Amino acid sequence: MSVRTLALGALMLVGAAGVAAAQSTATPTSPDSGAYRRGPRAGGEFRARKGGRDFYADLNLTAAQKAQIKTIREKYKTQFQSLRTQQKPLMDAARAARQKGDTAAFRSNMQQVRALSQPIQAQESSEIRSVLTPEQQTKFDARQKEMANRRAMGGKGWKKGEKGVKKGA
């Protein structure tokens, strides 16, 4: 056999393998955790919306507590929906101010948005806290404080996968 025949055979083998790989129906696995994508995972369970974990995950809630919290959240759902309608003009104004680079107007509008929602959020949190045990309340309070700190930072300056640790700190 000549070198030419061997080279041609090798090229044909590589080409056939490339075609087979291109026609494969298997989806490639991704190295990321998928925490920022929504929708079901391969096992059928859904991802959490932000941060990749459920707010109540480490509270070890009983089935009764979960049902009570679900009832409380449903109770406030309509209030939050009407609140969003009320906040929409402020949010639009904040968005427009941000696009113009007017930081003062943006902050002012966002402060008004928070001021409108704060009483309802506090009331809902209070009712949820009443369902929890003292140990669960401590964890719940710590989680809420962590989320408040993140909101105060504007979601910036946090290392991926670390909670409560600012970059460079």
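Further up the page is the structure itself.
Remember, it's a predicted structure, so these values are computed and weren't measured experimentally. (Residues numbered from 1 in each chain as written. Predicted model: local features only at pLDDT ≥ 70, side-chain atom pairs only at ≥ 80, totals over all residues. Heavy atoms only, no water.)

Novice: An account of the environment of Ile120 is requested, with residue identities and associated values reported.
Specialist: Position of Ile120 relative to the elements: it lies in helix α3 (residues 103-131). Classification of Ile120 by relative accessible area gives buried; the value is 16%. Setting aside residues up to four positions removed in sequence, Ile120 forms contacts with Tyr76, Gln79, Phe80 and Leu83. (Helix = DSSP H or I, 4+ residues; strand = E, 2+ residues; numbered from the N terminus. Buried < 20%, exposed > 50% of the residue type's maximum accessible area, 1.4 Å probe, protein only. Contact = heavy atoms within 4.5 Å.)

Novice: An account of the pattern of salt bridges is requested, with residue identities and associated values reported.
Specialist: A side chain with one charge may pair with a side chain of the opposite charge, provided their charged atoms come close. Tallied over the full model, the rule gives six salt bridges. A salt bridge links Asp92 to Lys88; the shortest N-O distance between them is 3.1 Å. In this pair, Asp92 and Lys88 are both assigned in helix α2 (residues 63-100), four residues apart and thus about one turn of the helix distant. Where salt bridges share partners, they join Lys88, Asp92 and Arg95 into one cluster. (Salt bridge = Lys/Arg side-chain N within 4 Å of Asp/Glu carboxyl O.)

Novice: How would you sum up the nonpolar core? Please name residues and give values.
Specialist: In this structure, Tyr56, Leu59, Leu61, Ile69, Ile128, Leu132 and Phe140 are the most contacted members of the largest nonpolar core, which totals 13 residues. Those elements that provide at least two residues to this core are α2 and α3. Broken down by element, the residue count for this core peaks at five residues, all from α2. Contact partners of Leu59, with chain neighbours within four places excluded, come to Leu132, Gln136, Lys139 and Phe140. (Core = buried A, V, L, I, M, F, W, Y, C linked by side-chain atoms within 4.5 Å.)

Novice: Requested: an account of helix α4 (residues 134-152), with residues and values cited.
Specialist: If you check α4, its first and last C-alpha atoms are 27 Å apart, about what 19 residues at 1.5 Å a residue would give, namely 27 Å. Of all the residues in α4, the buried ones are Gln136, Gln137, Phe140, Arg143 and Glu146. In this structure, the buried residues of α4 make contact with α2 and α3. (Expected span 1.5 Å × (residues − 1).)

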